[in-house]
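An overview of the molecular structure
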Amino acid sequence: MTRLLLALAGVVLLAVTALAAVWLLGQLLTGLGLFIVGAAGVLGRLMWFLLITGILAGVVYFVSSAWRPSVRTPLRPVTPPRPAARRAARGRAGKQATPTPVPPAPARATPIDAEPVQAPAATEPDTTGPVRSGG
């Protein structure tokens, strides 16, 4: 009789364990389904937002670039600026500074003492040239 009761308890325990595993799997699939449906809803609303925003931005760009005032207002006449009062240039000690004349330098195409610029020495072999076969 003990064997029969232990076998019956084992079958009931196995059935309860299988039922718990099926329930847990259902909960996981339900959560995954809710996540997928929620993500699809968020992405759908984002798509509509971007679509409406793009259309409205295009309309604003078109209207702002195509709008011109119907009546042009005349421009104010340009008045020449008034000459500023000229002050004498003063040095550090407050005395009037005298400009030092600078002799003009002769124009040359290239300086005489300039050295030609050389490319740096290559550390790797040049692979940009044509490929030669060894035969």
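What comes next concerns the included structure.

Attention shifts here to the overall build of the protein chain. The helix and strand inventory of the protein chain stands at 1 helix and 0 strands. Evaluated residue by residue, the protein chain yields a buried proportion of 0% over its 135 residues. Roughly 14300 Å² of accessible area belongs to the protein chain as shown, and the carbon and sulfur atoms make up 69% of that amount.

Our focus in this paragraph is a nonpolar patch on the surface. A cluster of nonpolar side chains, namely Met47, Trp48, Leu51, Ile52, Ile55, Leu56, Val59, Phe62, Val63 and Trp67, defines an oily patch on the protein surface of about 1100 Å² accessible area. Following the sequence through the fold, Val59 ends up in helix 1 (residues 2-66). A residue is classified by how much of its surface remains accessible, and Val59, at 45% relative accessible area, is partly exposed.

The rules we used
- Residues numbered from 1 in each chain as written.
- Predicted model: local features only at pLDDT ≥ 70, side-chain atom pairs only at ≥ 80, totals over all residues.
- Heavy atoms only, no water.
- Helix = DSSP H or I, 4+ residues; strand = E, 2+ residues; numbered from the N terminus.
- Buried < 20%, exposed > 50% of the residue type's maximum accessible area, 1.4 Å probe, protein only.
- Areas by Shrake-Rupley, 256 points an atom, 1.4 Å probe, with all protein chains shown as cover.
- Patch = residues over 30% accessible without salt bridge, like charges linked within 9 Å, V, L, I, M, F, W, Y side chains within 5 Å.
- Salt bridge = Lys/Arg side-chain N within 4 Å of Asp/Glu carboxyl O.

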